[in-house]
Amino acid sequence: MTGRDLQHGIRENLAQVSHQLIQVMLVGFAIGMTRTVVPALAESEFGLERGSFLLLASFVVAFGAVKAVMNFVAGRWSERIGRKRVLFWGWVVALPIPVMIWAASDWIWIVAATVLLGVNQGLCWSMTQTAKLDITRAEERGLTMGLNEFSGYVGVAIAGVLTAYAAEALGARTGLLVFGMAVVLLALVLTVVWVKDTLLWAKAETAAHKAAPPESLPRYPQGASEHPTTGEAFALMSWRDRRLFAISQAGLVEKFVDALVWALFPVFLVTQGATLTEVGWIVGTYGFVWGGSQLFTGRLSDHVGRFWPNVLGMWICGAGVAMVLLGTGALWWSVSAGVAGFGMALLYPNLSAAVADITPPAWRGTAIGIYRFWRDLGYAIGALGLGLAASLTGAAEAAFWFVAVSMFVSGAVLFWLSEETHPRLNPASPREIADA
């Protein structure tokens, strides 16, 4: 198949979009299986002393640091060897994870397994996202990202609930082993048999833009090379372009919420008297609302733009985190988790869509990889920060306030430095096109 034969669009590539949605749901299953059971049983199964907040957060720090680096590597690597090969190797790396958790004799095993999980997530989730952006149209970017993150985070939520029940039925270790191996093996088979490489679509889009530029040209970074080096692309994403800097810092800080939900929220709920299945459903509410709402919020941004969904999402998500401490009971905690999940649904697909809006297709994979580097570094920085806040005060509640305040401040930075990125709503001016 040549570049001229390739069509862009969700409907035109429905089979591959569907395969990629199944892939990202399986990626969500892989991380979701560690969300409920592992933190809640840290003391009984792995010997962590109650109140060891920093040690408990260590596996999230390790995950975030590794995933951030692998996001960066995956983006650049995928432009050289293709998206499918990166996806395949991401699943190969995941094979030992369920066995390591099953055989773990102490917490170091869990941290080591989480390092591999970070590699898996960095390679696989990045590729499902990049591949769908390759084969869909610019005006479908919000919907594309919404579908991607809906599928992934519904997968996270479902896995959290299923593994809680599996742990009660089979034991924590055996339940995770059976679930985890089934997920990884299925993903490998589907990757080999049905997934196509989408790098050709990205190259075809670049050629089409050169031959006939679209009417509403995006506001690409000024003074950037057509094929920037890794260093130049990193500088553009991290500080040279203030819009991309604002998006990257917002991505980093929003992961503080996910680090909190993963590392400390289950422990907080258990200390408040919640059962393991209640923890699964409360934490699952965050994932279900986040995942399900993205079907709406991603599409919404294709019509109203990315700016306000991103800014309001940061503030609403922070408010949901603060609400956890303002009431008690499973219903209140579920509502609070739902508010945080809805805020996350507003910002999560649309920060990524904003990056895709204003980075050229020739280096979009690299740009998304760098954005995801900063975003998932937030796991590590956030887990370290909330672990310190909880350790210094001796109370998990301090971690919730640390995260809530960080979200409000980061949202303010995004409001101040960013702008609308949707090319139809804020296209490049003739002067910017001439200077490009």
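Higher on the page you've got the structure.
Residues numbered from 1 in each chain as written. Predicted model: local features only at pLDDT ≥ 70, side-chain atom pairs only at ≥ 80, totals over all residues. Heavy atoms only, no water.

K.L.:
I'm lost on the overall build of the protein in this one. Help?
P.N.:
Helix and strand content of the protein: 19 helices and zero strands. Dimensions of the protein along its principal axes, counting C-alpha atoms only, are 65 × 45 × 35 Å. Going through the 436 residues of the protein one by one, you find that 61% of them count as buried. Of the contacts made within the protein by residues no fewer than 6 positions apart, 85% connect residues no fewer than 24 positions apart. Surface summary for the protein: the accessible area is close to 16000 Å², and the carbon and sulfur share equals 68%. (Helix = DSSP H or I, 4+ residues; strand = E, 2+ residues; numbered from the N terminus. Buried < 20%, exposed > 50% of the residue type's maximum accessible area, 1.4 Å probe, protein only. Contact = heavy atoms within 4.5 Å. Areas by Shrake-Rupley, 256 points an atom, 1.4 Å probe, with all protein chains shown as cover.)

K.L.:
Would you explain the nonpolar core in this entry?
P.N.:
A general tendency of soluble globular proteins is for nonpolar side chains to be buried together. Within the largest apolar cluster, 112 residues are counted, with the highest numbers of intra-cluster contacts made by W91, V257, F265 and L269. Here L269 is in contact with A274, V279, I282, V283 and W333, once residues within four sequence places are set aside. In terms of nonpolar packing, the next biggest core, distinct from the first, is built from eight residues, L6, I10, V17 and I135 among them. (Core = buried A, V, L, I, M, F, W, Y, C linked by side-chain atoms within 4.5 Å.)

K.L.:
Can you walk me through the pattern of salt bridges in this structure?
P.N.:
Once the charged atoms of two side chains with opposite charge are near each other, the side chains can pair. By the definition in use, this model includes 15 salt bridges. R306 is the salt-bridge partner of D357, the closest N and O atoms lying 2.7 Å from each other. Here R306 lies in the loop between α14 (276-304) and α15 (307-323) and D357 lies in helix α16 (residues 330-357), a separation of 51 residues in the sequence. The class for D357 is buried, based on a relative accessible area of 0%. A relative accessible area of 1% means that R306 is categorised as buried. One connected set of salt bridges, linked through shared partners, spans R141, R299, D302, R306 and D357. (Salt bridge = Lys/Arg side-chain N within 4 Å of Asp/Glu carboxyl O.)

K.L.:
Would you explain the environment of P228 in this entry?
P.N.:
Structurally, P228 can be placed in the loop between α10 (199-211) and α11 (230-240). Among the residues examined, P228 registers a relative accessible area of 3% and is labelled buried. Once the C-alpha coordinates of P228 and Q16 are considered, the two residues, 212 residues apart in sequence, prove to be 29 Å apart. Leaving out residues up to four positions away in the same chain, P228 has contacts with R76, A233 and W363.

K.L.:
So what exactly am I meant to see when it comes to the packing of α15 against helix α18 (residues 397-417) here?
P.N.:
When two helices pack together, their arrangement is given by the angle between their axes and by how far apart the axes lie. Following both chains from N to C, one finds α15 and α18 inclined at 165°, their axes separated by 8 Å at the closest point. Looking at the two axes, α15 sits roughly antiparallel to α18. As α15 runs across α18, the sense of the crossing is left-handed. Contact residues: F307, W308, N310, V311, M314, W315, C317, G318, A319, V321 and A322 in α15; F400, W401, V403, A404, M407, F408, S410, G411, A412, L414 and F415 in α18. Partitioning the contact of α15 with α18 into residue classes produces 18 nonpolar, four polar and no charged. (Axes fitted to C-alpha atoms, helices over the stretch in contact; angles between N-to-C directions. Parallel < 35°, antiparallel > 145°, perpendicular 65-115°, else oblique. Left-handed = near helix turned anticlockwise from the far one by under 90°. Nonpolar A, V, L, I, M, F, W, Y, C, P; charged D, E, K, R; others polar.)

K.L.:
Help me understand the side chain of T128, please; the structure alone is not making it clear to me.
P.N.:
Tracing the chain through its elements places T128 in helix α7 (residues 107-135). At 2.9 Å, the side chain of T128 and the backbone oxygen of W125 are in polar contact. (Polar contact = N/O pair within 3.5 Å; in protein donor to acceptor, adjacent residues only side chain to side chain.)

K.L.:
Help me understand α16, please; the structure alone is not making it clear to me.
P.N.:
In an α-helix, one turn spans 3.6 residues, which is why side chains three or four residues apart end up on the same side. In this model, α16 (28 residues) spans 40 Å end to end at C-alpha, consistent with the 40 Å of a helix rising 1.5 Å per residue. Along its length, α16 reaches its greatest deviation from straightness, about 25°, at M344. For α16, the tally of buried residues reaches 22 of 28 residues, placing the bulk of the element in the interior. (Expected span 1.5 Å × (residues − 1). Bend = angle between axes of the 7 residues up to and from the residue.)

K.L.:
So what exactly am I meant to see when it comes to α18 here?
P.N.:
Compared with an ideal rise of 1.5 Å per residue, which puts 21 residues at 30 Å, α18 spans 31 Å between its outermost C-alpha atoms and is within 8% of the ideal. Of the residues making up α18, those classed as buried are A399, F400, V403, A404, S406, M407, S410, G411, L414 and L417. Where α18 is buried, its residues contact α12 (242-263), α13 (265-271), α15, α16 and α17 (364-393).

K.L.:
Looking at this structure, how should I read the side chain of R219?
P.N.:
Within the secondary structure, R219 is located in the loop between α10 and α11. Given the relative accessible area of 19%, R219 is considered buried. A polar atom in the side chain of R219 sits 3.0 Å from the side chain of E419.

K.L.:
Would you take a moment to explain the packing of aromatic side chains for this structure?
P.N.:
The relative placement of two aromatic rings is captured by the distance of their centres and the angle of their planes. The tally for this structure, following the rule as stated, stands at 25 aromatic pairs. For the pair F63 and Y379, a centre-to-centre distance of 4.9 Å together with 85° between the ring planes defines the contact as edge-to-face. One end of the pair, F63, is in helix α4 (residues 53-81); the other, Y379, is in helix α17, and 316 residues separate them in sequence. Given the relative accessible area of 0%, Y379 is considered buried. Taking 4.8 Å as the distance between ring centres and 45° as the angle between the ring planes, the aromatic pair formed by W125 and Y153 counts as tilted. Here Y153 lies in helix α8 (residues 141-170) and W125 lies in helix α7, a separation of 28 residues in the sequence. By way of ring pairs, the aromatic residues F72, F234, W239, F373 and W374 are connected into one cluster. (Phe/Tyr/Trp six-rings, centres within 6.5 Å; stacked < 30°, edge-to-face > 60°.)

K.L.:
Teacher, can you tell me more about a nonpolar patch on the surface here?
P.N.:
The grouping of V69, V73, W77 and W89 at the surface amounts to a nonpolar patch, some 340 Å² of accessible area in total. It is α4 that provides the largest number of residues to the nonpolar patch, a total of three residues. The topology assignment puts V69 in helix α4. Of the residues examined, V69 reaches a relative accessible area of 42% and is grouped as partly exposed. (Patch = residues over 30% accessible without salt bridge, like charges linked within 9 Å, V, L, I, M, F, W, Y side chains within 5 Å.)

K.L.:
Which parts of the structure should I look at to understand the environment of M323?
P.N.:
Positionally, M323 belongs in helix α15. In the structure, M323 is positioned 243 residues away from R80 in sequence and 46 Å away in space, judged by C-alpha atoms. Apart from residues no more than four positions distant in its own chain, M323 is found in contact with W332, V335, S336 and V339.

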